[in-house]
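Given next are the chains, with one letter for each unit.
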Amino acid sequence: MDHPAPTTANHGLKEPQKLCFETARTRRLVLGSYWTIIILAFPFWWNLTSIERIALPSYRVRAQLDRKPVFPVNVQLDASSFQGSAPTFGRALHEILAQTTQASPTWRDLDIQVGVSEHAGDQSEGPNVYSVVLGNHTAVRHPRQLVVSQEDALSALRLGSILSRLLAPEITSMQAQRIAQYTKRYRLAFTLLNENAASPHLVNSWDIQAAFAGKFSRFIYHMFPIISRLNLLHNFTIESQVQYHAPLAFEPLQFVVANNTLHGLTPEDLTVFINSAEWTLSSSVSNDPVLHFVLFVPSPALQPLHILDAHGLPTSQNAFLLPQWGGIFILNRHARAETMTHLTAADLVPVFSAFANQLSALLGVPPLPDGVKSEESSLLSDWQLDALLRYRTSENILGSQQTLYSIIKLVDQIENMPVDQTVRGDVHDALTALGEAHRSAVGSPATALQWSSEALSLASHAFFNPGMLALLYFPAEHKYAVYTPLFASVSVPLIVALGREVYGWRRERRVVRSG
């Protein structure tokens, strides 16, 4: 049986190979346009995503690491006081002072020279000249004069010890830890805290504003001379406040002495005394560092509140210091004063006397040696101020050098860390300021402090540049994780299509040659 031959049904559809956009030429033009766009856009993408890395003066920074400031000090012995023994005494004194400074890591670069002068008892000739004269007792005078008693002047070793502690006071590690970091501006915040607002013996006011205005000489004697003298190093902004409810975050220790129940603060309690969660001690908005001075009035149930020693025994102290933070004074009110709700300037004299000592300790003011008094009108002598200037200058220079070196190491270690013109300019300006600080240290420690402070500020500004900090926590692996999902989904189809077209083009050429 014969079957009819099959016929091709015509559905009105064209063969895919005959469509105009499916021809080999059209496909290659479309594919070529994609690759052309990619090739042309690549330089723009590279320029937009490239990291600017301007060269830093690494050699100058490393050269600064070994450079130390030199502070020349000229000690003049009064020839009339020491008479014929002055030259011999001066040479022995010079050897003692040289050995002392060389043994101290802080004052190793202090250049002390001892000479003899006919007019050493007169006014000093400059900020680096100090005079030594004989007197009835040992004391310091203005300006930069040391009066020594006959007993202290008999021994060069004794006098050398006094001079070394005046010119190069030793700073222990414990003292260094409590000194606040140097800054040009400080806010001094004085706060009166009442533990219990419901107490009938609430202290609701104090005469601090009148005292700061200068109406009570006894108060000024304790605080204002120190602040006015330290204006050479810092600019102070003073503020005060009163808080009526400042509960402690812990229960003080109870103990019995002579059938009396007392309360005390252990050394561990002192470290957590400030209740930051409930006490608002900063009353203004500012970026300046704050040194707090708190007058704490315990509730009647806790009075008298004592400070205990390491053995749990009460001490006579009623004030303590928190390193680099501030000081606290505990006001235990006597029975006759319980009804007082206002503290007069006279009541504040012992309080601010303690605050003055705490401020000196926080700012690094060296104390006078034992047995040496001050005959100056200010609580802070020229000898102490000069030693503080030299210490702060050396500290700022060392901090600037270390910060600049840290920048160089980070840039060398992190290849994709940007270094723009701002960072380079700050580094150059910091190096220039360091050079000026070294030159000024020879003649004026106050000028050297200003330059060292500027160098530290510029170095810190360069280190904390936002452009550099952004990549401190952005390693190269994060960059690959961002770009791989973006480019892989686009590049794989284009590469495969390009390979197929190249393969098809080569196959067509072989067919043409064989035909």
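Calculation criteria
- Residue numbers here run from 1 along each chain, matching the order of that chain's written sequence.
- In keeping with the predicted nature of the model, local features appear solely for residues at pLDDT of at least 70, side-chain atom pairs appear and are counted solely at 80 or more, and the whole-chain, interface and lining totals rest on all residues.
- Think of the side-chain values as coming from all heavy atoms in the structure, minus any hydrogens and water.
- Strands pair, by our definition, only if DSSP identifies at least two bridges between them.
- Only DSSP runs of H or I covering at least 4 residues are called helices, and only runs of E covering at least 2 are called strands; the numbering of each starts at the N terminus.
- Lines fitted to C-alpha atoms define the axes, with helix axes restricted to the stretch in contact, and inter-axis angles between N-to-C directions lie between 0 and 180 degrees.
- When checking whether two residues touch, look at their non-hydrogen atoms; a contact exists if any pair is within 4.5 Å.
- UniProt positions are given in the numbering used here, feature names are shortened, and annotations may be inferred rather than shown by experiment.
- Salt bridge, as used here: a side-chain nitrogen of Lys or Arg that lies within 4 Å of a carboxyl oxygen of Asp or Glu.
- The buried label goes to any residue with under 20% of its type's maximum accessible area, the exposed label to any with over 50%, and the partly exposed label to all in between, with areas taken from a 1.4 Å probe on protein chains only.
- Multiplying 1.5 Å by the residue count of a helix minus one yields the expected span of that helix.
- Fitting axes to the seven residues that end at a residue and to the seven that start at it, the angle between those axes gives the bend at that residue.
- Here the word oblique covers every angle except those under 35 degrees (roughly parallel), over 145 (roughly antiparallel) and from 65 to 115 (roughly perpendicular).
- Residue polarity follows a fixed list, in which Ala, Val, Leu, Ile, Met, Phe, Trp, Tyr, Cys and Pro are nonpolar, Asp, Glu, Lys and Arg are charged, and the others, Gly among them, are polar.

Chemist: A description of the sheet that holds strand E8 (residues 235-243) should follow, citing residues and the corresponding values.
Modeler: Strands sit in the order E8-E6-E11-E14-E13 across an open sheet of five strands; the sheet is mixed. Two strands bound the open sheet, and with one partner strand each, they are E8 and strand E13 (319-322). Sheet twist, expressed as the mean angle between neighbouring strand axes with direction ignored, is 15 degrees. Sheet analysis places strand E11 (residues 290-297) next to strand E14 (residues 326-330), joined by five bridges and oriented parallel. Opposite Val294, over in E14, you have Ile328 as the bridge partner. Helix H12 (residues 345-362) rests against strand E6 (185-194), E11, E13 and E14 of the sheet, and its axis sits at about 150 degrees to E11.

Chemist: Tell me about the UniProt feature "transmembrane region" (unreviewed entry) in the protein, and please be specific about residues and values.
Modeler: UniProt records the feature "transmembrane region" (unreviewed entry) for residues 29-48 and 480-499 in the present numbering. In this annotation, residues 480-499 is assigned 100% helix and 0% strand; the end-to-end C-alpha distance for the span is 25 Å.

Chemist: Give a detailed account of the pattern of salt bridges, specifying residues and quantitative values.
Modeler: Within this structure, the stated rule accounts for 11 salt bridges. Arg28 serves as the salt-bridge partner of Glu508, at 3.6 Å between the closest nitrogen and oxygen. On the criterion of sequence distance, the pair formed by Glu508 in helix H17 (residues 476-514) and Arg28 in helix H1 (residues 24-49) is long-range, its members being 480 residues apart. Residue classification places Glu508 among the partly exposed residues on the basis of a relative accessible area of 40%. Glu436 serves as the salt-bridge partner of Arg439, at 2.9 Å between the closest nitrogen and oxygen. Placement of both Arg439 and Glu436 in helix H14 (residues 421-440) is noted, with a separation of three residues, approximately one turn of the helix. For Glu436, a relative accessible area of 25% translates into the label partly exposed. Ionic contacts of the salt-bridge type, sharing partners, join the residues Arg28, Glu501 and Glu508 into one network.

Chemist: Give a description of the environment of Trp505 that names residues and reports values.
Modeler: Among the secondary structure elements, Trp505 is positioned in helix H17. A sequence separation of 481 residues divides Trp505 from Ala24, and the C-alpha atoms of the two residues are 8.8 Å apart.

Chemist: Would you mind going over H12 in detail, with residue names and values included?
Modeler: Taking 1.5 Å per residue, 18 residues should reach 26 Å; H12 reaches 24 Å between its end C-alpha atoms and fits that length. Maximum bend of H12: about 35 degrees, positioned at Val351. Of all 18 residues in H12, 13 are buried; the element is thus mostly enclosed. Once H12 finishes, Gly364 follows within two positions and takes phi at roughly 85 degrees, a positive value.

Chemist: Give a detailed account of the packing of helix H6 (residues 156-167) against helix H13 (residues 382-413), specifying residues and quantitative values.
Modeler: It is at 8 Å that the axes of H6 and H13 come closest, and there the two elements cross at 55 degrees. When the axes of H6 and H13 are compared, the pair comes out oblique. For the pair H6 and H13, the contacting residues are Leu163, Leu166 and Leu167 in the first and Trp383, Ala387 and Arg390 in the second. Grouping the constituent residues of the contact of H6 with H13 by class yields five nonpolar, no polar and one charged.

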